Amino acid sequence: MKTFRKELAFNIPRREAYVNITSQVEQALSESGIREGLLLVNSMHITASVFINDDEAGLHSDFETWLETLAPHQPTSRYRHNDTGEENADAHLKRQVMGREAVVAVSQGRLDFGPWEQIFYGEFDGGRRKRVLIKIIG
Amino acid sequence: MKTFRKELAFNIPRREAYVNITSQVEQALSESGIREGLLLVNSMHITASVFINDDEAGLHSDFETWLETLAPHQPTSRYRHNDTGEENADAHLKRQVMGREAVVAVSQGRLDFGPWEQIFYGEFDGGRRKRVLIKIIG
Amino acid sequence: MKTFRKELAFNIPRREAYVNITSQVEQALSESGIREGLLLVNSMHITASVFINDDEAGLHSDFETWLETLAPHQPTSRYRHNDTGEENADAHLKRQVMGREAVVAVSQGRLDFGPWEQIFYGEFDGGRRKRVLIKIIG
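Bear in mind that the values here come from a model prediction, so they are computed numbers and not experimental data. (Residues numbered from 1 in each chain as written. Chains lettered and ligands numbered in written order. Predicted model: local features only at pLDDT ≥ 70, side-chain atom pairs only at ≥ 80, totals over all residues. Heavy atoms only, no water.)

Undergrad: I'm lost on the interface of chain A and chain B in this one. Help?
TA: How big an interface is tends to be reported as the loss of accessible area on association of its parts. With 33 residues of chain A in contact, the opposing surface of chain B contributes 30 residues. When the area that chain A buries against chain B is broken down by residue, the three leading residues are A:Leu38, A:Asp62 and A:Trp66, summing to 23%. There are three salt bridges connecting chain A and chain B. The partner of A:Glu117 in a salt bridge is B:Arg100, and the shortest N-O contact between them spans 2.7 Å. Our enumeration of links across chain A and chain B arrives at 16 residue pairs in polar contact (both at pLDDT 80 or more). Elements supplying a minimum of two residues to the side of chain A that touches chain B: strand E3 (37-43), strand E4 (48-53), helix H2 (57-70), helix H3 (89-98) and strand E5 (101-107) of chain A. Within the side of chain A that touches chain B, the residues separate by chemical class into 19 nonpolar, seven polar and seven charged. (Contact = heavy atoms within 4.5 Å. Buried area = accessible area lost by both parts, 1.4 Å probe. Salt bridge = Lys/Arg side-chain N within 4 Å of Asp/Glu carboxyl O. Polar contact = N/O pair within 3.5 Å; in protein donor to acceptor, adjacent residues only side chain to side chain. Helix = DSSP H or I, 4+ residues; strand = E, 2+ residues; numbered from the N terminus. Nonpolar A, V, L, I, M, F, W, Y, C, P; charged D, E, K, R; others polar.)

Undergrad: Just to check I follow, could you spell out the interface of chain C and chain B for this structure?
TA: Taken together, the 30 residues of chain C in the interface contact 33 residues of chain B. Across the interface of chain C and chain B, roughly 2400 Å² is buried in total on both sides, 62% from carbon and sulfur atoms. Counting the surface chain C buries against chain B, the share from its top three residues, C:Ile46, C:Leu93 and C:Gln96, is 24%. The interface formed by chain C and chain B contains three salt bridges. Of all elements in the fold, only strand E1 (3-11), strand E3 (37-43), helix H3 (89-98), strand E5 (101-107) and strand E8 (129-137) of chain C reach the threshold of two or more residues within the side of chain C that touches chain B. Residue contributions to the side of chain C that touches chain B peak at six residues, all from H3(C).

Undergrad: Can you help me understand the pattern of salt bridges in this one?
TA: Where side chains of opposite charge bring their charged atoms close, a pairing between them can arise. As enumerated under the stated definition, the model contains 42 salt bridges over all chains in all. Its salt-bridge partner being B:Arg128, residue B:Asp125 comes within 3.1 Å of it at the nearest N-O pair. The exposure class assigned to B:Asp125 is buried, which follows from its relative accessible area of 10%. Judged by its relative accessible area of 39%, B:Arg128 is partly exposed. In this structure, the salt-bridge partner of C:Arg14 is C:Glu64, at a minimum N-O distance of 3.2 Å. Of this pair, C:Arg14 sits in the loop between E1 and strand E2 (17-20) while C:Glu64 sits in helix H2 (residues 57-70), placing them 50 residues apart in sequence. Exposure remark for C:Glu64: the relative accessible area of 25% places this residue in the partly exposed category. Each of A:Arg5, A:Glu7, A:Arg131 and C:Asp112 takes part in one network of salt bridges that share partners. (Buried < 20%, exposed > 50% of the residue type's maximum accessible area, 1.4 Å probe, protein only.)

Structure representation (C-alpha cells):
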C-alpha cells in the first residue's frame, strides 16, 4: 500500500467564499502516482469546509444566502461561543451543514467523478491563513 | 491491496425519493471478495445524496417535509442558480444537508453496521438517469 | 495492508450531549500500530453523530440551541416517525445536520489534524447504550 500527503494553503480576504480546488486535487493525485484507492480531502480548520457540488456562481450565491438564513452572523451576541471574544460562531455552524471532508474514489489514476462533481473549499471565517489536507491511499 | 468498483443506476420518476440500497451494496461487497477494509458509496450527481439512517416510511416523510422547510422548491425564482434555466437549486441545498457519501467499515466480509443502519439513495431532482458509485479497498 | 477495529460504548443520561472522544481515538490508533493510512470513526446508531469541531462549551451550547431551531423536539406529534411510538424523530434529523462519521488521515502514526480539530460523539437521543466504531486501514 502506498500513501501520499499534501497540504493546500488559503488566505481568503472575504469572510465567506467558495474556491474550486478540483485541479489542485487532481495535481496531487498525479504527483502521488496512485492509480486505484481512496482520496481524502478535508479542511484542517473548523470554520471552513470541503465539499462537492456544482461550479456555478448563482448556486454559490444561493449557498451564501441560505447559510445566512440557517445560521446568521448577526447579531453576534446570539451565540455563547462569541462570549469568548470570537465572532465566528456562525462559521462553526455553517461548516457543519456543508461538511468537513470529501472522500473520493481513485480509479485508473483519476478522480472517479460524475459529470458535474467539483471539489470546493468553503470559507466561512476568512482573513487568516488556513489549510486543506489531501491524503491518498492505494 | 485489492480494489473493487461498481456503479448503480437510478431513474426515479418523482422529484424526491429515498431508496434503500443496502442489499445492492452488500451484493457489491460480496462480489469484491474483500474481507477487511473500507467501502465508499457516493452519489455521482450533485442533486442527490447517499446517507445512512432508518428504513421507516414515517421518517422518510419527515425528511421530505423538513428539507422542504429548510430549502423550499418554490418559488423557484428565489434562487440565483435557477436564473440559468434550471429549477433545481433547492436540490443542490438539500443534498448538502443529507450528504454526498457514506464510508463504511468492512469487517469479516460484511458491512460493519450497528443494529439499524441502512444505506439510502436520496433523490432531490428526479426524472433523469443518475448513478451511485461503490468503491471498496482492502 | 493492515486493519484494526475497535468499539467505544456510551450511555449518556441526558437526551443531548457532546463528548470529546479524541483521546480514545488516539488510543485506538496507538494500539493499531498503523503509521500511514485512513481512520474511520462513525456512530453505529442513527440518532447520534460523530463530527469534528471545536472543544468549547459555548459552541456546544450553540449547537444545541441551533439544532433545536432547525429540528425541534416538541411537539413530538409534528413528526410521522413518532406515530410508530418513538419520540426521537428530531434526533434522526439532527444527526443528518451533524453527520454520521469522520474520516481522518493517519500520518507518521498520528491523527493528521489542524490546530483545533477535535472529534466528538454527538448524542441526540440519550438514555440508552450506544456504540461508536473505529476502523483503521494502512
